[in-house]
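Each chain, letter by letter, is given below.
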Amino acid sequence: VANGLLTPSLGFIYQRYNHGLGTNDSVRKSLDFDSYSLPFNLSFRFGRNWEADLSFTPGCIYRLNGTPDYHLIYRSYTPALSIKKLVSLGENRILSMTARADYAFTDAGTASTPTIGEHRNDKADFFANAGYYYIRGKWVLGPYVSVTRSVYRAYEEFGPTSVDRRDTTCSIGASVSYNFNRWASARAFTSFDWRNSTSQLYTYDAANIGLGATLSATF
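Nothing here was measured: the structure is a model prediction, and the numbers come from that model.

Here we take up the overall build of the chain. Looking only at helices and strands, the chain features one helix and 14 strands. Reported as C-alpha extents along the three principal axes, the dimensions of the chain are approximately 55 × 40 × 35 Å. The burial tally for the chain puts 27% of its 219 residues in the buried class. Intrachain contacts of the chain at a sequence separation of at least 6 include 48% that bridge at least 24 residues. Within the structure as shown, the chain displays about 14,400 Å² of accessible surface, and the carbon and sulfur contribution to it stands at 61%. Each charge class in the chain can be summarised by its mean position, and for the 22 positive and 18 negative side chains these summaries are 9 Å apart.

Following this line, the structure appears as structure tokens:
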């Protein structure tokens, strides 16, 4: 299309978040949840290793603990637009630079907090990322750095009064993946995040580590 390559894709992502592993901290464990998302993406590759993406992602979160069990507490619908540039640094080495903007239309459960608006988490995100990929055989090593600026439209903390919430999150991380074949791979990843927010409740540091698997179908 227009001297470029247009590729539609549809995915399914499931993630489980477990907090307070190795402890008896019931407060942390109460934060455990499952996350589901269904991203639809139109990717357009053009020029010298440029790629533009237009996507729409519905998602939801289910609380694992508490009553009722496995309770839907959050859903979102997120359109996004991004641009990516790939730069070859030599054989088997690639630098990837990405900029993205999105807006999340959200619906949070309000059964236990009826005085807080269900759309209080609506926000715009502005994201920039630089990643380095070293490819050797079936192995791929990928360290990265990123920064995200989140602007909430009408965030409510403890009541029906909106507060001016702005978050800045800086991240560093890395992943190691192994490609078994063209359609299956496994990976291990780690990251560290620093978030600074105008709401002190959401200012924190966090370390993450995890395992993942990917299955791809092309037709």
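Attention now goes to unusual backbone geometry. Positive phi, normally seen in glycine, also occurs at Asn49, with a value near 65°. The partly exposed category is assigned to Asn49, whose relative accessible area is 49%. Even without glycine at this site, Asn92 takes up a positive phi of about 70°. Within the secondary structure layout, Asn92 lies in the loop between strand 6 (71-88) and strand 7 (93-108).

It is worth spelling out the packing of aromatic side chains at this point. Enumeration according to the criterion identifies 12 aromatic pairs in this entry. Each ring, one from Tyr17 and one from Phe33, has its centre 4.5 Å from the other, and the planes form 15°; the classification is stacked. With Tyr17 in strand 2 (residues 13-17) and Phe33 in strand 3 (residues 33-37), the pair connects residues that are 16 residues apart, well separated along the chain. A ring pair is formed by Phe44 and Phe46, whose centres lie 5.7 Å apart and whose planes are at 20°; its orientation type is stacked. Here the aromatic residues Phe12, Tyr14, Tyr36, Tyr62 and Tyr70 are joined through ring pairs into a cluster of three or more. The ring of Tyr155 is capped by Arg165, whose NZ or CZ atom sits 4.7 Å from the centre of that ring.

On to the pattern of salt bridges, then. This structure, assessed with the given rule, holds nine salt bridges. One salt bridge in this structure joins Arg75 and Asp107, with 3.6 Å as the shortest N-O distance. Placement of Arg75 in strand 6 and of Asp107 in strand 7 is noted, with a sequence separation of 32 residues between them. Classification of Asp107 as partly exposed rests on a relative accessible area of 24%. Among the salt bridges present, the one from Asp125 reaches Lys123, with a minimum N-O distance of 3.4 Å. Both residues of the pair, Asp125 and Lys123, belong to the buried class. Several salt bridges converge on common partners, so that one network encompasses Arg165, Asp167 and Arg195.

Checked against the element boundaries, Tyr178 lands in strand 12 (residues 166-179). In sequence terms Tyr178 and Ala188 are 10 residues apart; their C-alpha atoms lie 9.1 Å from each other. Dropping the residues within four chain positions of it, Tyr178 is found in contact with Lys138, Trp139, Ala184, Ser185 and Ala186.

As for its position among the elements, Ser96 is in strand 7. In this view, Ser96 contacts Lys84, Lys85, Leu86, Asn129, Ala130, Gly131 and Tyr133; residues no more than four positions away in its chain are not counted.

Right, let's talk about the pairing of strand 7 for a bit. Sheet analysis places strand 6 next to strand 7, joined by 13 bridges and oriented antiparallel. Bridge pairing links Ala80 to Asp102 in strand 7. Linking two consecutive strands that pair antiparallel, namely strand 6 and strand 7, is a turn of four residues; a positive phi of about 125° is found at Gly90 within it. Bridge analysis of strand 7 against strand 8 (residues 123-136) gives 12 bridges, and the strand direction is antiparallel. Residue pairing in the sheet places Arg100 in a bridge with Phe127 of strand 8.

Turning to its location among the elements, Gly142 is positioned in strand 9 (residues 139-152). Judged by relative accessible area, which is 6%, Gly142 ranks as buried. As for Gly142 and Gly173, which are separated by 31 residues in sequence, their C-alpha atoms are 8.3 Å apart. Sequence-distant contacts of Gly142, defined by excluding residues within four places in its chain, comprise Tyr132, Tyr133, Gly173, Ala174 and Ser175.

Thresholds applied
All residue numbers refer to positions counted from 1 along the written sequence of the respective chain. Reporting of local features is limited, given that this is a predicted model, to residues whose pLDDT is at least 70; pairs of side-chain atoms are given and counted only at 80 or more, and all residues count toward the totals for whole chains, interfaces and linings. Computation of side-chain values covers all heavy atoms of the structure but excludes hydrogens and water. To qualify as a helix, a DSSP run of H or I must reach at least 4 residues; to qualify as a strand, a run of E must reach at least 2; elements of each kind are numbered from the N terminus. When accessible area is computed with a 1.4 Å probe and restricted to protein chains, residues below 20% of their type maximum are described as buried, those above 50% as exposed, and intermediate ones as partly exposed. By definition in these notes, contact holds between two residues if any of their heavy atoms fall within 4.5 Å. Note that accessible areas follow from Shrake-Rupley with a 1.4 Å probe, and for residues the cover is restricted to the protein chains shown. All tallies of charge rest on Lys and Arg as positive and Asp and Glu as negative; His and the ends of each chain are not included. Here the site of a charge means atom NZ of a Lys, CZ of an Arg, CG of an Asp or CD of a Glu. Ring pairs shown here join Phe, Tyr and Trp side chains whose ring centres sit within 6.5 Å, with only the six-membered ring taken for Trp; geometry is labelled stacked below 30 degrees between planes, edge-to-face above 60, and tilted in between. For a ring to carry a charge above it, either NZ of a lysine or CZ of an arginine must fall within 6 Å of the ring centroid while also lying within 35 degrees of the normal to the ring plane. Here, a salt bridge means any Lys or Arg side-chain nitrogen found within 4 Å of an Asp or Glu carboxyl oxygen. What makes two strands pair is DSSP finding at least two bridges between them.

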